[in-house]
Amino acid sequence: MLLEVSDTGTGMDAATRDRLFEPFFTTKPAGKGTGIGLAVVYRAVERSGGFLQVDSELGRGTRIRVFLPRVAASAG
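Parameters and conventions
Residues numbered from 1 in each chain as written. Predicted model: local features only at pLDDT ≥ 70, side-chain atom pairs only at ≥ 80, totals over all residues. Heavy atoms only, no water. Helix = DSSP H or I, 4+ residues; strand = E, 2+ residues; numbered from the N terminus. Rg over C-alpha atoms; globule rule 2.2 N^0.38 Å. Buried < 20%, exposed > 50% of the residue type's maximum accessible area, 1.4 Å probe, protein only. Contact = heavy atoms within 4.5 Å. Areas by Shrake-Rupley, 256 points an atom, 1.4 Å probe, with all protein chains shown as cover. Pairing = 2+ DSSP bridges. Axes fitted to C-alpha atoms, helices over the stretch in contact; angles between N-to-C directions.

Turning to the overall build of the chain, a few remarks are in order. Check the secondary structure of the chain and you find two helices and three strands. Secondary structure elements of the chain occur, N-terminal to C-terminal, as β-α-α-β-β. Here the C-alpha radius of gyration of the chain, 15 Å, is well above what a compact globule of 76 residues would show, namely 11 Å. Taken over 76 residues, the chain has a buried fraction of 20%. Across the chain, the fraction of contacts at a sequence separation of at least 24, relative to all contacts at a separation of at least 6, is 48%. Surface accessibility of the chain: about 5800 Å² in total, with carbon and sulfur atoms responsible for 56%.

This part takes up the sheet that holds strand β3 (residues 61-67). Spatially, the three strands line up as an open sheet ordered β1-β3-β2, and their pairing is antiparallel. Of all strands in the sheet, those bounded by a partner on one side alone are β1 (2-7) and β2 (51-57). Strand-to-strand twist across the sheet, computed as the mean angle between neighbouring axes with direction ignored, equals 10°. When β1 meets β3, the two strands line up antiparallel, connected through six bridges. Each residue of the ladder has a partner; that of Asp7, found in β3, is Thr62. Running over the sheet, helix α2 (residues 37-47) touches β2 and β3 and is turned about 140° from β2.

Attention now goes to the pairing of β3. For a regular strand, side-chain orientation follows a simple rule: the groups alternate between the two sheet faces. The pairing of β2 with β3 spans seven bridges and is antiparallel. Each residue of the ladder has a partner; that of Phe51, found in β3, is Phe67. Where β2 folds back onto β3 in an antiparallel hairpin, the turn is made up of three residues, including Gly59, whose phi is positive at roughly 80°.

Before going further, it helps to spend a moment on unusual backbone geometry. One non-glycine residue with positive phi stands out, namely Phe24, at about 70°. Structurally, Phe24 is set in the loop between α1 (14-19) and α2.

Shown next, in the form of C-alpha cells:
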C-alpha cells in the first residue's frame with residue numbers, strides 16, 4: 001500500500017533531509033514546534049514492516065511516500 005503526500009513549498013536541502021526523522025529535530029523557531037511528529041511516523045511505519053521515501057529539492061517542494069506491507073483481511 002502506498003500513501004503519498006506532497007507540497008509545492010520551499011523544499012529541503014540535503015542537511016535537513018538527512019535529519020528529517022530525528023526526534024525533536026525541527027526547522028521552526030523555538031516554541032513553535034517540537035519536531036516529534038515525523039519521528040513517530042517513521043517509527044510506526046518501520047515497525048509495521050514498511051518504509052518511507054522522501055524527495056525534496058529547494059524551491060520545488062517535497063514528496064513523502066509511505067510504503068506499507070499488505071496484510072490479509074481478518075475474518076470479522
